[in-house]
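A closer look at the structure
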Amino acid sequence: MKVPLEARPTPERGMATFVTRDVNPGELLGTLTGSRLTERTRYTIERDGRHHEPEGPLRYLNHSCAPTARWSGRDLRALRSLREGEEVTFDYTETESAFAAPFVCRCGGPHCRKVIGTPAA
Ligand SMILES: [Zn+2]
């Protein structure tokens, strides 16, 4: 069964998405079902050469250089065990071949790459 997710505003990073129960590694967190666009936006996720605009909590997934989830096809799965209330993040550079706009990462991880994405030439 799919893990319930909740999107809510955070003090420093805008909207973010959280699990609402404990999660085992590999559990399915969500599946991309939103509209497919021909161009990327700040919300789209690139899969199979298309830009998917997620609906619901998947729309607010933040990037992290030490993510808690990873896309496998159109399925988002937990990379490790998560505690209830932990944020769901993925590494945007694993899905996007380019970025609408580069951004400064605030994940705060020890291996944070700071600036994510390179501007289109
Ligand atoms: Zn980072």
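Thresholds applied
- Residues numbered from 1 in each chain as written.
- Predicted model: local features only at pLDDT ≥ 70, side-chain atom pairs only at ≥ 80, totals over all residues.
- Heavy atoms only, no water.
- Donors = N, O, S within 2.8 Å, 3.2 Å for Na, K, Ca; no water.
- Tetrahedral: all angles 85-135°; square planar, octahedral: opposite > 155°, others 65-115°.
- Helix = DSSP H or I, 4+ residues; strand = E, 2+ residues; numbered from the N terminus.
- Buried < 20%, exposed > 50% of the residue type's maximum accessible area, 1.4 Å probe, protein only.
- Contact = heavy atoms within 4.5 Å.
- Pairing = 2+ DSSP bridges.
- Axes fitted to C-alpha atoms, helices over the stretch in contact; angles between N-to-C directions.
- 1 Å grid on protein atoms, 1.4 Å probe; cavity = no way out; pocket = protein on both sides within 12 Å on 5 of 7 lines; lining within 4 Å.
- Points joined across faces, edges and corners; volume = space filled by probe spheres on them.
- Nonpolar A, V, L, I, M, F, W, Y, C, P; charged D, E, K, R; others polar.

**Observations regarding the coordination of the zinc ion**
Surrounding the zinc ion are the protein donor atoms Cys65 (SG), Cys105 (SG), Cys107 (SG) and Cys112 (SG), which sit 2.2 to 2.4 Å from the metal. One can describe the site at the zinc ion as tetrahedral: its 4 donor atoms subtend angles covering 102 to 114 degrees at the metal. For the zinc ion, all donor residues lie on one chain, and their spacing in sequence is C-x39-C-x1-C-x4-C. Residue cysteine 65 is found in the loop between strand S7 (62-63) and strand S8 (69-72), and its partner cysteine 107 is found in the loop between strand S11 (103-104) and strand S12 (115-116); the two are separated by 42 residues along the sequence. In this structure cysteine 65 comes out as buried when scored by relative accessible area, which is 14%. By relative accessible area, cysteine 107 is classed as partly exposed at 26%.

**Thoughts on the environment of serine 35**
By the secondary structure assignment, serine 35 is in strand S4 (residues 35-37). Dropping the residues within four chain positions of it, serine 35 is found in contact with His51, His52 and Glu53.

**Quick look at the sheet that holds strand S6 (residues 50-53)**
Strand pairing in a sheet relies on backbone hydrogen bonds, with the paired strands running either antiparallel or parallel. What the 3 strands build is an open sheet, ordered S4-S6-S5; its pairing is antiparallel. Bordering the open sheet on either side are S4 and strand S5 (45-47), each of which pairs with just one other strand. Direction aside, neighbouring strands of the sheet carry axes that sit 45 degrees apart on average. Here S4 runs beside S6; their pairing, made up of 3 bridges, is antiparallel. Directly across from arginine 36, in S6, lies its bridge partner histidine 52.

**Side note on the layout of surface pockets**
Empty space within the largest pocket amounts to approximately 710 Å³. Contributing to the lining of the largest pocket are 28 residues, with Arg42, Leu61, Asn62, Tyr92 and Phe103 lying nearest its centre. Elements with a minimum of two residues in the lining of the largest pocket: strand S2 (14-19), S7 and S11. Taken together, the residues of the lining of the largest pocket sort by class into 17 nonpolar, 5 polar and 6 charged.

**Here's the deal with the sheet that holds strand S9 (residues 75-78)**
Read from one edge to the other, the open sheet built from 3 strands follows the order S3-S9-S8, with strand pairing classed as antiparallel. Strand pairing shows two members of the sheet lacking a second neighbour, strand S3 (28-31) and S8, which therefore form its edges. Each adjacent strand pair in this sheet contributes to an overall mean axis angle of 25 degrees, direction not counted. Two elements, S8 and S9, share 4 bridges in a ladder whose sense is antiparallel.

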